[in-house]
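Report on the structure
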Amino acid sequence: MTTIRSSKTKRWMVGFASVGAAALLAACGGTETSDTAVDTAPGQDPMATEEPATDPMAEGDTVVDVAASDEDFSILVEAIEAADLTETLSASGPVTVFAPTNEAFEALPEGTLDELLLPENQDLLRQVLTYHVLQDEVPASEVTTGEVPTAAGTPVSIQVDEATGDVMVNEAMVVTPDIQASNGVIHAIDQVILPPGLTL
C-alpha cells in the first residue's frame, strides 16, 4: 500500500458552503456563448442545435446517493440529513467517507443516537460526522499507517496490518472498503469514531 498524500488534503475548503459555491461557480463558468454563426435549415430555430446543459452530478451517484441505496447505511443517511450535510457531501469533492454501518450506530450507548438527531444537537452531530470525512479520495490501495486530517479539523489515526491488510481507523475496523461514488469513495466501518475530547 502506498502513503496517503496528506498534502492534498490541505487544499480542502473547510467551509462547506464554499465547497458548494465552488461547484456552482464551476458549473456556471462552463456556459460560454459564441458569436460564430450557426448554419441552420430555413425555418429552423438556431437554439435547437445547442446541446442541453448537463448537471455534472447527474453523471453518477454521489457518496450520499450510494449510502442511501444501501440498507446498511440508512442510519448514516438519516444522520447526514439531520446534520444538514447532504448538499455538502453531494458536491464535487473528492472525499473519502468512513461510513459507520447501522450496527455501528446501534452500538452507541442507549439514547445517544436519538439525542444526536435532535435539532438542537445539529452542531455536535455535524462535528461527529465530519470527523468521518477525509478531504481527498483515498482508495484502500493508498492507505497506510499514520494520522490523516479530517473535515472536522482533527486527524484520525489509521493503522494498517501489513500481514492481513486489515485497516483500523482509530478503534474502528474497515469492514467493506472501496465503495465507489462519483465524488469519492466510501469505506464502511464497524464503529462510530469520535474526535478527541468529545464524549457522547
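Summary of the structure given here.

Reading guide: rules and limits
Here, residues in each chain are numbered from 1, in the same order as that chain's written sequence. Given that the model is predicted, a residue must reach a pLDDT of at least 70 before its local features are reported, and side-chain atom pairs must reach 80 or more before they are shown or counted; all residues, however, enter totals for whole chains, interfaces and linings. The basis for every side-chain value is the complete set of heavy atoms in the structure, and neither hydrogens nor water enter the calculation. Here's how the labels work: a residue is buried when its accessible area is under 20% of the maximum for its type, exposed when over 50%, partly exposed in between, all with a 1.4 Å probe on protein chains only. Strands are runs of DSSP state E lasting at least two residues, helices are runs of H or I lasting at least four, and both sets are numbered from the N terminus onward. Note on contacts: a residue pair qualifies if any of its non-hydrogen atoms lie within 4.5 Å across the two residues. Criterion used throughout: strands pair if DSSP finds at least two bridges between them.

1. A few points about helix α4 (residues 74-82)
- Among all positions in α4, only Ile75, Leu76, Val77, Ala79 and Ile80 are buried.
- On the buried face of α4, the contacting elements are α3 (63-68), α5 (86-89), β1 (95-100), α6 (102-106), α7 (112-116) and α8 (122-130).
- Count one or two residues on from α4 and you reach Asp84, which has phi positive near 60°.

2. Remarks on the environment of Ile80
- For Ile80, the position within the fold is in helix α4.
- Remark: the alpha-carbon pair of Ile80 and Thr130, spanning 50 residues in sequence, is separated by 9.6 Å.
- Leaving out residues up to four positions away in the same chain, Ile80 has contacts with Leu85, Thr86, Leu89 and Leu129.

3. A closer look at the pairing of strand β6 (residues 172-181)
- Pairing of strand β5 (residues 167-169) with β6 involves two bridges; the strand directions are antiparallel. Residue pairing for β6: Met168 is matched across the bridge by Met173.
- Hairpin connection of β5 to β6: two residues between the antiparallel strands, including Asn170 at a positive phi of 55°.
- Inspection of the sheet shows β6 paired to strand β7 (residues 184-189) by five bridges, in the antiparallel sense. Across the sheet, Thr176 pairs through a bridge with Ala188, a residue of β7.

4. Remarks on unusual backbone geometry
- In this model, Asp84 sits at a positive phi of 60°, which is unusual for a non-glycine residue.
- Here Asp84 shows up in the loop between α4 and α5.
- A positive phi angle is found at Asn170, which is not glycine, with a value near 55°.
- With respect to the helices and strands, Asn170 occurs in the loop between β5 and β6.
- Exposure remark for Asn170: the relative accessible area of 22% places this residue in the partly exposed category.

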